[in-house]
Amino acid sequence: MKKLRGLNEVVSEEEIAAFLSESYPDSDHEIEFESFLREYLNLQAQVSAKEGGAGGGRGGKPSFLKSSITTLLHNLNQAEKSSYVAHINTYLREDPFLKKYLPIEPSGNQLFDLIRDGVLLCKLINVAVPGTIDERAINKKRVLNPWERNENHTLCLNSAKAIGCTVVNIGTQDLVEGRPHLVLGLISQIIKIQLLADLNLKKTPQLVELFDDSKDIDEVLSLSPEKMLLRWMNHHLKKAGYKKTVNNFSSDVKDGEAYAYLLKALAPEHSPETTLDTKDPNERAKLVLEQAEKLDCKRYLTPKDITEGSANLNLAFVAQIFQHRNGLTSDTKQVTLTQTATHDDVLLSREERAFRMWINSLGVESYVNNVFEDVRNGWVLLEVLDKVSHGSVNWKLASKPPIKLPFRKLENCNQVVKIGKQLKFSLVNLAGNDIVQGNKKLIVALLWQLMRFNILQLLNKLRFHSQGSEGKEISDADILNWANCKVKASGRTSRIESFKDKSLSNGMFFLDLLSTVQPRVVNWKVVTKGETDEDKKLNATYIISVARKIGCSVFLLPEDIIEVNQKMILTLTASIMYWSLQKQPQSQSELTEQSEPSSMTSDAASEVASEDGASTTAPSESEEVNSLSDSISNLTTDDATSNAPSAENGNGVAGS
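These lines cover the structure that appears in this document, whether it is placed above or below. Not measured: the values here are computed from a predicted model.

What counts, and at which threshold
Residue positions are given per chain, counting from 1 as you read along its sequence in written order. Residues qualify for local features only when their pLDDT is at least 70, as the model is predicted, and side-chain atom pairs are given and counted only at 80 or more; totals for whole chains, interfaces and linings, by contrast, use all residues. Remark: hydrogens and water are excluded; side-chain values derive from all non-hydrogen atoms of the structure. Numbered from the N terminus, helices here are DSSP runs of H or I no shorter than four residues, and strands are runs of E no shorter than two. Here's how the labels work: a residue is buried when its accessible area is under 20% of the maximum for its type, exposed when over 50%, partly exposed in between, all with a 1.4 Å probe on protein chains only. The Shrake-Rupley method, run with a 1.4 Å probe, gives the accessible areas here. Residue values count only the displayed protein chains as cover. Patch members must show over 30% relative accessible area and no salt bridge, and they are joined within 9 Å when carrying like charges or within 5 Å when they are nonpolar side chains of Val, Leu, Ile, Met, Phe, Trp or Tyr. Any carboxyl oxygen of Asp or Glu that lies within 4 Å of a side-chain nitrogen of Lys or Arg is treated as forming a salt bridge with it. For this count, His and the chain ends are skipped, Lys and Arg are scored as positive, and Asp and Glu as negative. Where a charge lies is defined by one atom per residue type, namely NZ (Lys), CZ (Arg), CG (Asp) and CD (Glu). To get an axis, fit a line to the C-alpha atoms, keeping to the stretch in contact for a helix; angles then go from 0 to 180 degrees between the N-to-C directions. Each angle gets one of four labels, with under 35 degrees taken as roughly parallel, over 145 as roughly antiparallel, 65 to 115 as roughly perpendicular, and the rest as oblique. Here, two residues are considered to be in contact whenever any of their heavy atoms come within 4.5 Å of each other. Gly counts as polar in this scheme, as do all residues outside two lists: the nonpolar Ala, Val, Leu, Ile, Met, Phe, Trp, Tyr, Cys and Pro, and the charged Asp, Glu, Lys and Arg. Each aromatic pair joins two rings of Phe, Tyr and Trp (for Trp, the six-membered one) with centres within 6.5 Å, and gets the label stacked for planes under 30 degrees apart, edge-to-face for over 60, and tilted for any other angle. Geometrically, a lysine NZ or arginine CZ counts as sitting over a ring once it is within 6 Å of the ring centre and also within 35 degrees of the ring normal.

**Side note on the overall build of the chain**
Summing up its helical and strand segments, the chain has 30 helices and zero strands in all. Per-residue burial for the chain yields a buried fraction of 54% across its 656 residues. Of the accessible surface of the chain, which amounts to about 28700 Å², a share of 50% is contributed by carbon and sulfur atoms.

**Re a negative patch on the surface**
Taken together, the side chains of D26, D28, E30 and E32 define an acidic patch exposed on the protein surface. Its place among the elements puts D26 in the loop between α1 (13-23) and α2 (33-51). We classify D26 as partly exposed; its relative accessible area is 43%.

**Description of the packing of helix α4 (residues 78-92) against helix α6 (residues 119-128)**
The contact between α4 and α6 brings their axes to 11 Å, and the two run at 75 degrees. Between α4 and α6, the angle falls in the class roughly perpendicular. Judged by residue contacts, H87, I88, Y91 and L92 of α4 engage L120, K123, L124 and V127 from α6. Here the residues of the contact of α4 with α6 are counted per class, giving six nonpolar, one polar and one charged.

**Here we look at α6**
Within α6, nine of the 10 residues are buried, which leaves it mostly tucked inside the rest of the structure. Those residues of α6 that fall on the buried side of the exposure criterion are V119, L120, L121, C122, K123, L124, I125, N126 and A128.

**What about the packing of aromatic side chains?**
Scanning all chains against the criterion turns up seven aromatic pairs. Both rings, one in F97 and one in Y101, keep their centres 6.1 Å apart while their planes meet at 55 degrees; by these two values the pair is tilted. Judged by relative accessible area, F97 falls into the buried class, the value being 12%. Overall, the relative accessible area of 25% leaves Y101 in the partly exposed class. With a centroid separation of 5.2 Å and 90 degrees between ring planes, the pair formed by W232 and F322 is classed as edge-to-face. Here F322 lies in helix α16 (residues 311-324) and W232 lies in helix α11 (residues 225-240), a separation of 90 residues in the sequence. No difference in accessibility class separates W232 from F322, as the two residues are buried. In this arrangement the basic side chain of K100 is found over the ring face of F97, its NZ or CZ atom lying 4.4 Å from the centre.

**With respect to unusual backbone geometry**
The residue after L102, namely P103, is reached through a cis peptide bond having omega 5 degrees. Checked against the element boundaries, P103 lands in the loop between α4 and α5 (110-114). A cis amide bond links P401 with the next residue in sequence, P402, at an omega value of 0 degrees. Inspection of the secondary structure assignment puts P402 in the loop between α19 (379-388) and α20 (406-422). Phi angles above zero are rare outside glycine, and K424 is one such case at about 65 degrees. Within the fold, K424 resides in the loop between α20 and α21 (432-436). For K424, a relative accessible area of 47% puts it in the partly exposed group. Phi angles above zero are rare outside glycine, and V564 is one such case at about 50 degrees.

Shown next as structure tokens:
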């Protein structure tokens, strides 16, 4: 911070240290690049306020990074940039559209120029998590107009959210302009997700070997991929006789000794004793990389990157070793524990994924790796509540992790339940202790109501803006009737009776709705009739990508459309409605135009509405609608909570 121009002229090193100590009392704490940028901007804003504009932008507002600073930070990441370029060249070299542009030259700005049309990033997301983006939705002409380019970047950012990237501080304009630090930050997250994809019990059940029999399986499932990778590494290091514990991928591996022991344990045939006997860290790092290449590990880093402790590149290196030789037994009896999933488990797992992505997209400070485990101390839920109902949390009564005393966790969870009741959620059977104990169905019911409250709140804010205090609050029935009216007004014949209408499974209604709110977005030449299971899957996949392409941040899966999970269907429809009302403000007559709903429509809508009786209070005026758009359409979940007891009989939290 002290070396950055714009700060060093107006603030002393002691003042910088004092400011940073508020967020990071431990000076040895390692932070990600995005966190560094955030702290810089916060510090610059404080300096601006203090100096009346000095060191900041005009009017006392903090300026963004000056070009000289951007160059400095760009140079610091040159090694990572070269590594990411090598990764892109390897995985996308044979892509039919991109191969004429590849390989990219690591030096210079070719990477940042190439991502300006959005195609490369969309393709990279599909490499990381295959099938995330339907390629039929990507605009792939040789020359794209600004509108088509913006659609690609919108599709990219919403899809990045859906696979777990944090994109709160990145916008489409940043990608169009090819801002190096933001582009590299996003590419880094996408590649990390790809490299760590197998580090969970579902993909690699043999990982149970790393834990004691007494270990709570939920606790194992909640480990982040990075922590799982560290545990795996230390497991083999201990076997190989290495005396230290590796706690990070930077300072703890700089001397290369841990790598030498790891490769000795996993690939003794490629690991001569001379590697361990070598005293020079640079020489040892060189030998380690040569041995790793014999295992077909791709070269993500140089000996210098090891000795300098580049955290991202070292993590990529260890992940590569894991992928090529994990050294775990394949006949562990415990493996069966992770392979006996019931249909309910599959539905809960799908819901867990949707809620996890939604929470992480809200921009809360905590990052959720496993919803059912990470919400048990109550803190994450309080952060979410503060986002969707600002000012509702009494932070003086809350305890921030790590929380050692069990009653502190219970206090947090009790406050969550109390706020939920204030928001008029249906919480008949839910107590704070149910959250602490990790009752999955009750947690899902609570989160569903939070997500639904969030989208209805935002829809109501738009309605209040267009109609003033006269506008009535939007209900689930209004969303259903809005969708039917929009499609009918376009001259199309599709119509649904409820959010569980079986005709939704072929996807035609949503394609009609999407083409109505944005006429040019659906390419009808690639749409199927939706008669076979395969055709339904193709349409469902296309619907999700098209919705993201126009700006809806949805987290549902194709199966949720095919199986007509009514809660997912509701939130997808609401997301499209929010986008339509936000981008194209409607007249009062159109907003209020409701054909008298049939009894079936009313019943079906109220069935979902009974999930909570929340009064959807509009956010405070200080919250800009635009700033909320990131936290919106992140509104999806599926119908798994229908397994919870029904709210209608007075015994459930949020039954369907």
